[in-house]
Amino acid sequence: MQFHTYDTVIVGAGGAGMRAAIEATKRSRTAVLTKLYPTRSHTGAAQGGMAAALANVEEDNWEWHTFDTIKGGDYLVDQDAAEILAKEAIDAVLDLEKMGLPFNRTPEGRIDQRRFGGHTRNHGEAAVRRSCYAADRTGHMILQTLYQNCVKEGVEFFNEFYVLDQLLTEVDGVRRSAGVVAYELATGEIHVFQAKAVIYASGGTGKFFKVTSNAHTLTGDGQAAVYRRGLPLEDMEFFQFHPTGIWRMGILLTEGARGEGGILRNKDGERFMEKYAPVMKDLASRDVVSRAIYTEIREGRGCGPEGDHVYLDLTHLPPEQLDAKLPDITEFARTYLGIEPYTDPIPIQPTAHYAMGGIPTNVQGEVLSDNTTVVPGLYAAGEVACVSVHGANRLGTNSLLDINVFGRRSGIAAADYAHASDLVPLPENPTEKVEAQIERLRNSTGDERVAELRLELQECMDANVMVFRTEQTIKTAVEKIGELRERYLNVSIQDKGRRFNTDLLEAVELGNLLDLAEVMAVSALARKESRGGHYREDFPTRDDVNFMRHTMAYREVDANGAESIRLDYKPVVQTRYQPMERKY
Amino acid sequence: MSTPTLDKHSSALDAAEVTGTHLIAITLRVRRFNPEVSAEAEWVDYQIQVDPKERVLDALHKVKWEIDGSLTFRRSCAHGVCGSDAMRINGKNRLACKTLIKDVSPEKPITVEAIKGMTVLKDLVVDMDPFFQAYRDVMPFLITTGNEPTRERLQSAADRERFDDTTKCILCAACTSSCPVFWNDGQYFGPAAIVNAHRFIFDSRDEGGEQRLEILNDKDGVWRCRTTFNCTDACPRGIEVTKAIQEVKRALITRRF
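Residues numbered from 1 in each chain as written. Chains lettered and ligands numbered in written order. Predicted model: local features only at pLDDT ≥ 70, side-chain atom pairs only at ≥ 80, totals over all residues.

S.K.: Could you give an account of the overall build of chain A, with specific residues and numbers?
M.R.: A count of helical and extended segments in chain A gives 16 helices and 20 strands. On the principal axes, the C-alpha backbone points of chain A span a range of 65 × 50 × 50 Å. Taking all 584 residues of chain A together, the buried fraction comes to 64%. Within chain A, contacts between residues at least 6 apart in sequence are counted, and of these 76% link residues at least 24 apart. (Helix = DSSP H or I, 4+ residues; strand = E, 2+ residues; numbered from the N terminus. Buried ≥ 20, exposed ≤ 12 C-beta atoms within 10 Å, placed from the backbone. Contact = placed C-beta atoms within 7 Å.)

S.K.: So, the domain arrangement of chain A: which residues are in play, and what are the values?
M.R.: Residue and element names in this part refer to chain A. Segmentation of chain A into domains returns domain 1 (243-350) and domain 2 (432-571). Its C-alpha centre places domain 1 at a distance of 31 Å from the equivalent point of domain 2. Between domain 1 and domain 2, the contact holds five residues from the first and five residues from the second. When residues in the side of domain 1 that touches domain 2 are grouped by element, the largest group, four residues, is from helix α8 (residues 286-298). Counted by class, the side of domain 1 that touches domain 2 contains two nonpolar, one polar and two charged residues. (Domains from an automatic or database assignment. Nonpolar A, V, L, I, M, F, W, Y, C, P; charged D, E, K, R; others polar.)

S.K.: Account for the environment of Leu95 of chain B, with residues named and values stated.
M.R.: All names here are of chain B. Tracing the sequence through the fold places Leu95 in strand β4 (residues 92-95). Classification of Leu95 as buried rests on a count of 28 C-beta atoms within 10 Å. C-alpha of Leu95 to C-alpha of Gly209: the two residues are 114 residues apart in sequence and 31 Å apart in space. Residue contacts for Leu95: discarding those within four places in its chain leaves Gly80, Asp85, Ala86, Cys172 and Pro236.

S.K.: Please provide a residue-by-residue account of the sheet that holds strand β12 (residues 263-265) of chain A, values included.
M.R.: All names here are of chain A. The strand order β11-β14-β13-β12 describes an open sheet built from four strands, whose pairing is antiparallel. Strands at the two margins of the open sheet, each flanked by one partner only, are β11 (239-246) and β12. Here the strands of the sheet are splayed against their neighbours by 45° on average, with no regard to which way each runs. Contacts from α8 reach β11, β12, β13 (310-313) and β14 (346-355), with the element oriented near 60° to β11. (Pairing = 2+ DSSP bridges. Axes fitted to C-alpha atoms, helices over the stretch in contact; angles between N-to-C directions.)

S.K.: Tell me about the sheet that holds strand β20 (residues 563-571) of chain A, and name the residues and values.
M.R.: Residues and elements named next belong to chain A. Strand order in the open sheet formed by three strands is β10-β19-β20, with antiparallel pairing between adjacent strands. Only two strands of the sheet have a single neighbouring strand rather than two, namely β10 (233-234) and β20. When strand β19 (residues 549-557) meets β20, the two strands line up antiparallel, connected through nine bridges. Within β20, the position partnered with Arg549 by the bridge is Pro571. On the sheet, helix α15 (residues 502-526) packs against β10, β19 and β20 and is oriented at approximately 55° with respect to β20.

Written out as structure tokens, the structure is:
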């Protein structure tokens, strides 16, 4: 066991983690723990852009952006947080440009902007060009630029360090963050990082779905670490299904493709979005478009021999425009499907993309232990967190924005807190839980295989809690997840070694996915309404009387050690926008 | 408004939409090494059934998940943007997630081994630290002087285009570990570090070009390049790596960039 002490420890080195690190390193002794190398993080897979009302190419302002974000989130957004997001977006983009980010430029040399789903002028009148972008590799450029600036600032990274436990110590009747326990992949050694402040920026949990745009490594490790220590998870039933994933593979094809003029078509060649969203058409919010695609498929207008997908048609766009604005996604179509997007439409289907829910925080990134109480010293930002700026459905380009705005905020807040605070004593035997977990997996002789359970989980989630849900499908999922959790106790691994044991870590990750899938399904079962990404066919309308509130899920353990999930609710912060019917 | 394209279904689209996967038997021949078990590396053959449209990464997963969980490799995004899974496949550096089985002569054994010139730690996992050190050594960040503008710095589309190619780098090390000079002498910065220096030297906003050029004027710098074009062939992002290195050499002579 090795022991380290820092002022600030950041868990995760994607956009949010590195944006936080740039601030925290200037102000406090900071370590960044990442289970990958920083530049492998999935921020790099984001394509289309980062929203900010720069008004570089047409009239725009942050108030319109705030409204779009709240409406896009189907009014489950905390409106004070959305206002901060939209207001600080402008500086967030300018900061990145000053750090060196190579944005596409207008003829005048300013940052260029393009249209994106749900972003409108004057509260829904028409699409507005708000997305600041670098071809279709904006996330790549953000990740590289932030890493470059971490190198410049001398940020200290612990690469391939896997955080497995959050340490909390009660002092004066208050639970405080004391540090984290990490597993070093190269050696199998356990490390304790005692820190005054800890920031989780470990990303999403999309790997509990089979068809997903998420990386293999997005397994909800941060959410699971705090949840297992009794802290709540907020709005976990809200998961975004991006309309345009490559059919069956789930690889993301940016909404920027539709922003550039791409059109969705069914097997009859019909531009079907005109029926579902007369004003915004193909650029309606993602939940609306994904439901429309599945409606077309269900009603027999899907494409291909089995009618199980639709087309993203770019063939009417000039090849030069595709080369300049969408080079990566057109290459994906060539590489993985063997088709030429200049002349052929691309087979697509909705793909599990983004967790709107996560670890509840306030606008400083401070983690909450209930509806109002802050856990001193604990922070979260990015997809792992729920501020909530995305509510029931995130707008495209608002996640690259979220990681920059709230990554920066949490980095500053955590470092300031660390300055003003002392180390919290570690709990007795801080590594006990992690050591027991690892030894159990290493020594197990059970006959269940990780890959098999994971596949069963993913197939169950795709079939039952995707775009369309009913009480019956969700119950099926809850039951199946329960069965898989039982079987997980009998999982064994083949690699018993200490060196780069990815077999062991995949088993740990599966445990995280199972816990979080259960939270998602249980939260979804209780929400008897349809809102944003959560669509219940048995309750097809939004119910503001009973459900205009955030779900808060807590893990409970009774005297016999039996686990259960307790659901509570938290009011939505409303400032100036009254809920309206959502039309695009 | 465009017209539907569906009446002229191409054969490529028809092929892409075939659902009944037809599996073929392949031999995946993997260079295994685990110092916890043996000091020697060895080739191990795995017979598996795969869809030829799948990726080499899918085949590796199949082995790991169904046959031998100890097979170890790095991977994350699985579609060629994170740079984790550069490896030597049939003797060529590629990303396993961007290489389809059908394109690597599956009728013969497909060989997979760790990228060359770097210390192998286990199976396909190499020590990346020296690679990232060379990257850090070229000061891969925007260097400017004077007061920052309130708004963005202006840059013309043409000036932005000047360094576009080298912004695509994902630091996968496929280029550096394909370079014969680097194999013989690990002190050489290697193509990836030079690519990332190029990205800033030719950025009109940057003022650190001279400093970076001096670093690359070193005996282990750009002059070691023998223009074998291995790096350009290896780059999974299609960056013209050798051209970028030549542009840095030229800038060192002319001091114009």
